[in-house]
Each structure stands twice: as structure tokens, then as C-alpha cells.
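Examining the three-dimensional arrangement
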Amino acid sequence: MIPVDLVYDYETVGPAPNGAVVELSYTPFLDQPDNVPTFEELVNKSRKYKFNVRKQIPKRISDKGTIEWWKKQDPEAQKILKALPDDLDLYDGMNQFFADLKADGVDRWQSFDYCRGPEFDRAILIDIVRQMHGKLDVFNEMPTVFWNSRDVRTAIENRLMVRGMTYTPLRRGILNGFIKHDSRHDCAKDVLMLIYAKRYAFGLEDAPEGDDIDPLSLPDKK
């Protein structure tokens, strides 16, 4: 049986590891290159937790530079910064996250957890769990064992076997409806990039080229 893996993503108003957390999402998936879900299916399977930022401060920090960065993002993405009456207490939301992982079939010993850069998302997760339990050694409290943690960028690079290739080109239209920095959408996109990278590597499908590439799957131009 193929284990259920997940991609997760934090959105914050401060730097890792102790930035105040606005949102957390994750997408559970089966790493099957011969059975690729649609972007819409992945988004619908994803779970999102929006947190009360004010209650986290001063234990967690808000950073002026991060706020300025948010102001440059798409207005649709900026909506997550608005406080809402039903925003979750950070620890309540995290406990729900752990419970939902189990409900979705994530196994701490068998499942891989992916994020796009462990220096950010994984560092934040560890820091929050340490705060929740008041101790440094949180091996038993983490949702997956640390040796099953993976970096999305490294995984894509290895699957495509091209140094520095950290994004998988997806065929135009695959990401219709995608909103950058909507954490559910970011997770779902990375799931597709992981699966399609394996699909191309196995020769099940040729990678798109030129105008056939969805620009939403390419990195931002500097």
C-alpha cells in the first residue's frame, strides 16, 4: 500500500522560526505518476487553518519587512491578512492539524512530509511544537519522524535530474484558478510538480515546451 504523503505550507507576518503565523495548509496525496489528480481535486482535499495573529504577539513576532512584502502581493492573496471572528488560537489550530493528518491517513513512521524549503516551514513547525509543549526535544510530538521530511525543491531537482531545476513545467491549463500565496493552492501546485516530475522521469508523458507551458508553473522573473 502506498503511504499518504503531504505537502504543507505556512504563511506568516514574520521570519522563521518564530514569525507570527497567519495560515497553515496541507494537501494529502498519493505519489502515483500513473494516476494524477487534478488541481481542483487537490485543492478540495486540502485543509486550511487560519490563525489569530494578535494573540500570538509578543511570543511570536511580526516583521516590518514581511508586511511590506505582503503589500506587493496579489490583492486576492492579501485577503488572508484580514482578521476574522473565527480565526483560530494557534495551539487549537495546530492540534486540529495533527488530528486531521491522522484522519487523512498520514502515518508518522511511513508518510513523507514535503515543504518548499525546510529552513522556513519545517523550522516554524518545530518552533511552534516546542512552544506548545515547553521543551526542546519534541521528537514524539511531531506529526512525522524527522528522517521522513523532504524538501520539494530538492525532490523535483532529483526527479528531473537537472541541477537547479526546482520547478516542474506543467502543461497550460493544469493550474487554472491558481492564486499565488493562497497556502492551499501553493500546496496543491507543489503536489502536481512532484508527481509530474516523476511522470516525466518515467517516460509516461513528455514535458511541455514553449507556449504549451503554463506560466503559473514557472518561477517569477527577477
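Look up a bit, the structure's there.
Residues numbered from 1 in each chain as written. Predicted model: local features only at pLDDT ≥ 70, side-chain atom pairs only at ≥ 80, totals over all residues. Heavy atoms only, no water.

Another point: the overall build of the protein chain. Secondary structure assignment for the protein chain yields seven helices and five strands. When the helices and strands of the protein chain are read in sequence order from the N terminus, they spell out β-β-α-β-α-α-α-β-α-β-α-α. A burial count over the protein chain gives 46% of its 222 residues as buried. In the protein chain, the proportion of contacts linking residues at least 24 apart, taken out of those at least 6 apart, comes to 76%. Side-chain charges of the protein chain comprise 32 positive and 37 negative groups, with the mean position of each set lying 4 Å from the other. (Helix = DSSP H or I, 4+ residues; strand = E, 2+ residues; numbered from the N terminus. Buried < 20%, exposed > 50% of the residue type's maximum accessible area, 1.4 Å probe, protein only. Contact = heavy atoms within 4.5 Å. Lys, Arg positive; Asp, Glu negative; His and termini not counted. Charge placed at Lys NZ, Arg CZ, Asp CG, Glu CD.)

Moving on, we come to helix α7 (residues 183-201). Across its 19 residues, α7 extends 27 Å between first and last C-alpha, which sits within 8% of the 27 Å expected from 1.5 Å per residue. By the criterion of burial, α7 is predominantly enclosed, with 17 of the 19 residues buried. Among the residues of α7, the N-terminal cap falls to Asp182, whose side-chain oxygen and the backbone nitrogen of Arg184 are separated by 3.1 Å. Trailing α7 by a residue or two, Gly203 shows a phi angle of about 75 degrees, which is positive. (Expected span 1.5 Å × (residues − 1). Polar contact = N/O pair within 3.5 Å; in protein donor to acceptor, adjacent residues only side chain to side chain.)

With that settled, consider a nonpolar patch on the surface. A cluster of nonpolar side chains, contributed by Trp109, Phe146 and Trp147, occupies part of the molecular surface with about 400 Å² of accessible area. In this fold, Trp147 is placed in the loop between α5 (121-133) and β5 (149-151). (Patch = residues over 30% accessible without salt bridge, like charges linked within 9 Å, V, L, I, M, F, W, Y side chains within 5 Å. Areas by Shrake-Rupley, 256 points an atom, 1.4 Å probe, with all protein chains shown as cover. Salt bridge = Lys/Arg side-chain N within 4 Å of Asp/Glu carboxyl O.)

Burial analysis of strand β2 (residues 21-29) places nine of its nine residues in the buried class, the great majority of the element. Pairing between strand β1 (residues 5-12) and β2: eight bridges, direction antiparallel. The residue bridging Leu6 from the neighbouring strand is Pro28, located in β2. Of the strand pairs in this sheet, β2 and strand β3 (residues 47-50) are connected by four bridges, and their pairing is antiparallel. Looking at the pairing, Tyr26 lines up with Arg47 of β3. (Pairing = 2+ DSSP bridges.)

Now for helix α6 (residues 152-160). Residues Val152, Ala155, Ile156, Arg159 and Leu160 constitute the buried set of α6. Mapping the buried residues of α6 onto a view down its axis gives an arc of 120 degrees, with all of them on the same face. Turning to α6, the residues buried within the fold contact β4 (113-115), β5 and α7. (Arc of directions from axis to C-beta.)

Such coordinate-based values are descriptive only and should not be taken to indicate function.
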